[in-house]
Amino acid sequence: MNKMKKNLKLVLLLFAGITFLASCTKTTSSLTGDWKTQASFQGLGRNGAVVFVIGTKAYVGTGYNRDNNKWLNDFWVYDAVKNNWTLIAPFPGVGRVNGVAFAANGKGYVGSGYDGVGIRNVSDFYSYDPTANAWTQIANLPGPTRRGAVSFSVNNVGYVGTGLSTDTTGITNGLGDFYAYNAGTNVWNAVSGYPGLKVYNAFSFVINNIAYVGGGAANSTSNNQFFQYNAAADTWIKKARLDSNNAAVPRYSCAAFSQNNLGYIANGTGSQSFGTCFEYTPSNDTWNQKNNFEGAGRYDCISFSMPTGLTGSYTSFVGLGTQGASSTPFYDLWSWSPTVARIDNN
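Procedures and definitions
Residues numbered from 1 in each chain as written. Predicted model: local features only at pLDDT ≥ 70, side-chain atom pairs only at ≥ 80, totals over all residues. Heavy atoms only, no water. Helix = DSSP H or I, 4+ residues; strand = E, 2+ residues; numbered from the N terminus. Contact = heavy atoms within 4.5 Å. Areas by Shrake-Rupley, 256 points an atom, 1.4 Å probe, with all protein chains shown as cover. Pairing = 2+ DSSP bridges. Axes fitted to C-alpha atoms, helices over the stretch in contact; angles between N-to-C directions. Salt bridge = Lys/Arg side-chain N within 4 Å of Asp/Glu carboxyl O. Buried < 20%, exposed > 50% of the residue type's maximum accessible area, 1.4 Å probe, protein only. Core = buried A, V, L, I, M, F, W, Y, C linked by side-chain atoms within 4.5 Å. Phe/Tyr/Trp six-rings, centres within 6.5 Å; stacked < 30°, edge-to-face > 60°. Lys NZ or Arg CZ within 6 Å of the ring centre and 35° of its normal. Polar contact = N/O pair within 3.5 Å; in protein donor to acceptor, adjacent residues only side chain to side chain.

Trainee: Looking at this structure, how should I read the overall build of the protein?
Mentor: For the protein, the helix and strand inventory stands at 1 helix and 30 strands. Restricting the contact set of the protein to residue pairs at least 6 apart, pairs at least 24 apart contribute 51%. When the accessible surface of the protein is totalled, it reaches about 15800 Å², and 52% of it is carbon and sulfur.

See the structure below:
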């Protein structure tokens, strides 16, 4: 009997120890953030598309579909309230990949990129009026023709810079020049150039009317630099590089967006297609890891943020993209909630 009691105590102690270890394992991760699937894009899957946001609607178009070897010029609007997609007037320029887009004063602006013809990049630009569902050509982007530039809007002024140019002999060069578009005069004005390496396929986001630009590729190598741009003062300040957090692998062609005064990057490529996600806090200039993107890791995807209807609250989205030359392009869309625990398969 005593032997049985001893054995029973031993089993109970062993069970308690396993339970304690399991509970410790469950709570070791402090990462937060959840990705949730939304209505899939209704056009062809694609990478290198552009997006701009007006109100609670995102406008998505152009890009490249590998399955059909097509440089695309169709455009779609995503209504976040209804969670649906509607085809709108097509982009009037040639189909292209890795162009840029921004919104200002209730209109969208789209231009530059690579049109699939030899080594040719393009510099033409167009504005879109959502009320009229119509496009109008505007002044071309100055400087060398380019693809893989960054763009953003601050106080209803659009900015475009960096990118990759190709000369007539096929030699490529990274760019650091930047331009601001004045819609009232239809003129692009040169502003202070990007102070880091001359990069292409970098990322950008805007927080409280301050722009942030970083990452990208320089000489075909992932770049870890990160800078803040004050449009009012036309000045750049160096900030914490991407690998200041050891897990924040330098990357290019990633998703980037801001939400509730914080910046985010997700996915992208370098030595591989990443599915990781990181949060940037401007107040202490730090990067911190969040829960991984729950779809397939990818690059050349779209990303955007928009109001959800609650005062001061925004929701962000990531979708489309590719995993590489042999990959069928994606057409899925995911929303991001940064402060909640991950819920798988939602």
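Right, picking up where we left off after that structure.
Trainee: I'm lost on the sheet that holds strand β25 (residues 262-266) in this one. Help?
Mentor: Sheets are built from strands that pair by backbone hydrogen bonding, the pairs being arranged parallel or antiparallel. Sheet architecture is open: 4 strands sit in the order β24-β25-β26-β27, paired in antiparallel fashion. What marks the edges here is a single partner per strand, and that holds for β24 (255-259) and β27 (286-290). Here the average twist between neighbouring strands, direction ignored, is 25 degrees. Bridge count between β24 and β25: 5 bridges; the pairing is antiparallel. Note that in β25 the partner of A255 across the bridge is A266.

Trainee: Just to check I follow, could you spell out the pattern of salt bridges for this structure?
Mentor: A side chain of one charge can pair with a side chain of the opposite charge if their charged atoms are brought near each other. Scanning all chains against the criterion turns up 9 salt bridges. Between E294 and R342 there is a salt bridge; the shortest N-O distance is 3.8 Å. Within this pair, whereas E294 is found in the loop between β27 and β28 (302-307), its partner R342 is found in the segment after β30 (333-337), the two being separated by 48 residues in sequence. Judged by relative accessible area, which is 39%, R342 ranks as partly exposed.

Trainee: How do you make sense of the sheet that holds β30 when you look at a structure like this?
Mentor: Read from one edge to the other, the open sheet built from 4 strands follows the order β1-β30-β29-β28, with strand pairing classed as antiparallel. A single partner strand is all that each edge strand has here, and the edge strands are β1 (34-37) and β28. Each strand axis lies, on average, 30 degrees off the axis of its neighbour in the sheet, ignoring direction. Both β1 and β30 contribute to a ladder of 4 bridges, which runs antiparallel. Each residue of the ladder has a partner; that of W35, found in β30, is W336.

Trainee: Would you take a moment to explain the nonpolar core for this structure?
Mentor: In summary, soluble globular proteins display a tendency toward joint burial of nonpolar side chains. F152, Y159, F178, Y194, Y229 and W236 are the most contacted members of the largest nonpolar core, which has 16 residues in total. A per-element tally of this core places strand β12 (residues 150-154) first, with 3 residues. Each residue touching Y159, except ones within four places of it in the same chain, is listed here: V150, S151, F152, V154, F178, Y179, A180, V191, Y229 and A231.

Trainee: In this structure, what is going on with unusual backbone geometry? I would like to understand it.
Mentor: Note: most peptide bonds trans; most residues except glycine with negative phi. Positioned with a positive phi, N69 is a non-glycine residue whose angle comes to about 50 degrees. On the secondary structure map, N69 appears in the loop between β4 (64-65) and β5 (70-71). Exposure remark for N69: the relative accessible area of 47% places this residue in the partly exposed category. Of note, the phi angle at N201 is positive, near 55 degrees, even though the residue is not glycine. Here N201 shows up in the loop between β17 (187-191) and β18 (203-207). You can call N201 buried: its relative accessible area is 15%.

Trainee: Looking at this model, I keep getting lost on the packing of aromatic side chains. Mind explaining?
Mentor: Aromatic ring pairs are reported here in terms of the distance separating the ring centres and the angle at which the planes meet. Scanning the model with the defined rule gives 47 aromatic pairs in all. Seen in terms of ring centroids, F102 and F125 are 6.3 Å apart; in terms of plane orientation they differ by 35 degrees. Their pairing is tilted. Of this pair, F102 sits in strand β8 (residues 100-104) while F125 sits in strand β10 (residues 121-129), and the two are 23 residues apart along the sequence. Each member of the pair, F102 as well as F125, carries the same accessibility label: buried. Summarising the aromatic geometry, the rings of F293 and W334 are spaced 5.6 Å apart at their centres and angled 65 degrees between planes, so their arrangement reads as edge-to-face. With F293 in the loop between β27 and β28 and W334 in strand β30, the pair connects residues that are 41 residues apart, well separated along the chain. Of the two residues examined, F293 and W334, each falls in the buried class. One aromatic cluster is present, formed by F52, Y59, F75, F91, Y126, Y128 and W135 through successive ring pairs. Over the aromatic face of Y114 sits the side chain of R147, whose NZ or CZ is 5.5 Å from the ring centroid. A cation over a ring is seen here: R298 above F330, with NZ or CZ 4.1 Å from the ring centre.

Trainee: What is the right way to read the pairing of β27 from this model?
Mentor: Along any regular strand the residues' side chains alternate between the sheet's two faces. Where strand β26 (residues 277-281) meets β27, 5 bridges bridge the pair, whose relative direction is antiparallel. Within β27, the residue paired with F278 across the bridge is Q289. Linking two consecutive strands that pair antiparallel, namely β26 and β27, is a turn of 4 residues; a positive phi of about 55 degrees is found at D285 within it.

Trainee: Just to check I follow, could you spell out the environment of N121 for this structure?
Mentor: Tracing the sequence through the fold places N121 in strand β10. The exposure class of N121 is buried, given its relative accessible area of 6%. With 46 residues separating them along the chain, N121 and D167 place their C-alpha atoms 9.6 Å apart. Contact partners of N121, with chain neighbours within four places excluded, come to G113, Y114, T145, R146, R147, L164, S165 and T166. In this structure the side chain of N121 is engaged in a polar contact, spanning 3.2 Å, whose partner is the side chain of R147.

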